[in-house]
Amino acid sequence: MKKAKYSEDSGEDVDSEEELSPELHKKSLEKLKNVDPDFYKFLEENDENLLDFNDDSDNDREELDEEEDELHKPGPLKGDSDESDFEDEGARPVHGKINLKLIAQWQAELQAEGKIKLSTLVTVIKAFNAAMLRVSEDGTSKSEFKVEGSSIFNAVIQMCVLYLPGAIKKYLGMEQSGKDPQKCKHFTKLKGPLISYLQDLLKLLGGVTSDNIMTVLLKHLHQMSIYIACFTRLSKQSLKKLITLWSNGEETVRVLSFLCILRITRNQQTALLDLVLKAMYMTYVKNSKFVSPSTWPGINFMRRSLVEMFSLDLNASYQHVFLYIRQLAIHLRNAIIVQKIENRQAVYNWQFINSLHLWADLIAATSNKQQLQPLLYPLVMVITNTIKLVPTHQYYPLRFHCTEILINLSKETNTFIPTLPFLVEVLTTYDFNKKHKKVSMKPLDFSCILRLAKSQLSENGFKDAVIEKLYALLLEYTANESHNIAFPDICLLSIIQIKQFLKTCNVSNYTKKLRQLMEKIEENSRFIERERAKVSFSLSDEKMVTAWESKIKAKGTPLNTFFQNWYKINKIQKRKKISKNDEMATELPVIKRPKILNENELKLDKKSKSNDPTVLFPSDSEGETENLKFTKDDDETKPKEKKLKKRKNKNKAKVKQSVQVEEDIADKEDVVQDFSVSDW
């Protein structure tokens, strides 16, 4: 083997690569084994370390390499900044676990009265990112901090939700002036961390299932919406999630989602409004396919909020509304021309009717502005031809829905729309003298129905519901037109048809209702004729006619006053029906089994029973226990009224106290401190 050379300058051994290589040493040992096996055997028996040189050298070399790596490992790069020069380096660990003490320190820095440091905001955002990595499925990503335990996780989220928006505003100088964040001096420094924070917030929002936590996060997102609007890509991502929550979430979640959508869209109206209107309308149509008492409030909310969104810019909205009404008209034209079941079904469905509701509400809400008013006539034509498409008894509910839309349009836009023929036609085309084949316990409710089954047509509840609906719609329409100078002429044909119905119909309940309605219409006609006789101007003078009509409307008409009284009573009756159902549900009796008593308790119980009346089948229900009290004497069977009143008052007070406690608990539940890992 070659000898090691000594360097006189450095004083170190300089070995050649061949000497230091363990592979060459191993080859030489194998060669020795083949050349001189006896000597190799001698070495194996007397000097094992020589043969194990390879393993030892490898281990030594690995240990040396590890030590060198630790010594020469480069530290984190530090950029020059104004804030970092004045920071206390020992106060903040660069790496490591987050604890409650550290979070309390960050909270104090976020709430500081002086200037907010950029490094504080960046550190808090990194802590939030670490908390998000804890609940995310991807374990490959690494963070500067580590969040362990649900209490630390909750504290980090709570800190960001409560204190970060105010600190960001303070850092950017937006506390007093509500200017655009992009115009602020320090926005470029915060831009990168802010994007990462908002992305993490959207991820968190997508993974939450609890409604309480969702409402808290949406309130926080509403505060951060002004920053989301600064980034187009983030805005589109957030709007996509928010529109889903707006259509499918719980009531509070829906409202907060809509407020976030509205705020983001307003801040970037030119870039986002068209996309938002299209996405929201398509979502509305998809989610209005099935209507029931449970889904109806959600559909109504979506419709009202869509009207609000389309009202932001009527010039931009006109193109969308024109296009969608044209699509409805094309579907209707195909159904009229082709006359097939598939084409009829494309019109006679809830999506079509709810779309008509939406555009009618939008045109009615913007009647004081002229941008969308040209679309009133085509919409009315679509609605009237929808009624005429299949004018059979099965589709009476659809007819009533369409006439309600027309009545509302006529009232809000102050435009005359001839709706009476569609209502009075029902009285002349259907025979109400038919005997019903089935008896229904409940009257039919047309609010969530478009088409009736054949079995429903043979029930007595069908005719009752039709008469009730006709009475309500005829009264509402005539009351809206009661101040019109042409009211006697408008209602003349309908009065004649109602009189014919009264002659032919034998059901006293139906004739009584419609006779009352006819008398009120005739009374209003005579009133208008008397007032019209005093007029000196010509009927062609539109300005004078409108002035006269507004004067009569302010004065009040007999039919309108009758309608207002009827409407109030009808509303109260509906509320009573709902409340009675609720009371019935809460007053169900609950039977408790009697306790098994000991001998001593039995003796005491017998003594008490000798004085007090016996109770059979003890129950939690107050009314039930009081009615099931019997004594030996017949005179004592009825409990005293005073005692009953006292007991009832006590029970009512207890119920009120328990309800207040439950409400307090419910209010306290919707706080940030309720965050838990199990909710994600």
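The rules behind these values
Residues numbered from 1 in each chain as written. Predicted model: local features only at pLDDT ≥ 70, side-chain atom pairs only at ≥ 80, totals over all residues. Heavy atoms only, no water. Helix = DSSP H or I, 4+ residues; strand = E, 2+ residues; numbered from the N terminus. Buried < 20%, exposed > 50% of the residue type's maximum accessible area, 1.4 Å probe, protein only. Contact = heavy atoms within 4.5 Å. Areas by Shrake-Rupley, 256 points an atom, 1.4 Å probe, with all protein chains shown as cover. Salt bridge = Lys/Arg side-chain N within 4 Å of Asp/Glu carboxyl O. pLDDT = per-residue confidence, 0-100. Patch = residues over 30% accessible without salt bridge, like charges linked within 9 Å, V, L, I, M, F, W, Y side chains within 5 Å. Phe/Tyr/Trp six-rings, centres within 6.5 Å; stacked < 30°, edge-to-face > 60°. Axes fitted to C-alpha atoms, helices over the stretch in contact; angles between N-to-C directions.

**A short note on the overall build of the protein**
Right, on to step 1. Per the secondary structure count, the protein includes 30 helices and six strands.
Right, on to step 2. For the protein, the proportion of its 680 residues judged to be buried stands at 37%.
Right, on to step 3. Within the protein, counting contacts between residues at least 6 apart in sequence, those at least 24 apart form 69% of the total.
Right, on to step 4. Split by element, the accessible area of the protein, about 42800 Å² in all, is 51% carbon and sulfur.

**Thoughts on the pattern of salt bridges**
A side chain with one charge can pair with a side chain of the opposite charge if their charged atoms come near.
Right, on to step 1. Counting across every chain of the model gives nine salt bridges.
Right, on to step 2. Of the charged contacts in the structure, one is a salt bridge between K534 and E531, with a shortest N-O distance of 3.7 Å.
Right, on to step 3. What makes E531 buried here is its relative accessible area of 13%.

**Some details on the confidence of the model for the protein**
Right, on to step 1. On average, residues of the protein score 77 in pLDDT, and 70% of them are at 70 or above.
Right, on to step 2. Here residues 53-94 is modelled with pLDDT under 50, and outside its nearest four sequence neighbours on either side it reaches 24 contacts, counting other chains as well.

**Notes on a nonpolar patch on the surface**
Right, on to step 1. Taken together, the side chains of I336, I337 and V338 present a nonpolar region at the surface, about 260 Å² in accessible area.
Right, on to step 2. Position of I336 among the secondary structure elements: in helix α15 (residues 314-338).
Right, on to step 3. A relative accessible area of 39% places I336 in the partly exposed class.

**Some thoughts on the packing of aromatic side chains**
Geometry of an aromatic ring pair is reported as the spacing of the ring centres plus the angle between the planes.
Right, on to step 1. Scanning all chains against the criterion turns up 21 aromatic pairs.
Right, on to step 2. With a centroid separation of 6.3 Å and 85 degrees between ring planes, the pair formed by F258 and F301 is classed as edge-to-face. Of the two residues, F258 sits in helix α12 (residues 251-267) while F301 sits in helix α14 (residues 296-310), which places them 43 residues apart along the sequence. As far as burial versus exposure is concerned, F258 and F301 are alike and both buried.
Right, on to step 3. Judged by centre distance (6.0 Å) and plane angle (35 degrees), the rings of F563 and Y567 are tilted. Highlighted residues: F563 and Y567, both in helix α27 (residues 558-586), separated by four residues, approximately one helical turn.
Right, on to step 4. What makes Y567 partly exposed here is its relative accessible area of 40%.
Right, on to step 5. Within the aromatic cluster, the residues linked to one another by ring pairs are Y396, F400, Y430, F432, F446, F462, F501 and Y510.

**A few points about the side chain of E481**
Right, on to step 1. Relative to the helices and strands, E481 is located in the loop between α22 (460-480) and α23 (487-490).
Right, on to step 2. When neighbours within four sequence positions are excluded, E481 is seen to be in contact with S410, F416, F487 and I490.

**Some thoughts on the environment of M159**
Right, on to step 1. As for its position among the elements, M159 is in helix α8 (residues 150-172).
Right, on to step 2. The spatial distance from the C-alpha of M159 to the C-alpha of A104 is 8.8 Å, given a sequence separation of 55 residues.

**Brief notes about the environment of E250**
Right, on to step 1. Structurally, the position occupied by E250 is in the loop between α11 (232-248) and α12.
Right, on to step 2. For the pair E250 and T215, spaced 35 residues apart in sequence, the C-alpha separation works out to 9.5 Å.

**Here's the deal with the packing of α12 against helix α13 (residues 269-287)**
Right, on to step 1. Close contact between α12 and α13 brings their axes to 7 Å; oriented N to C, the two are set at 145 degrees. Counting all contacts with α12, which are made through F258, I261, I264, T265, R266 and N267, the residues of α13 involved are Q269, L272, L273, V276 and M280.

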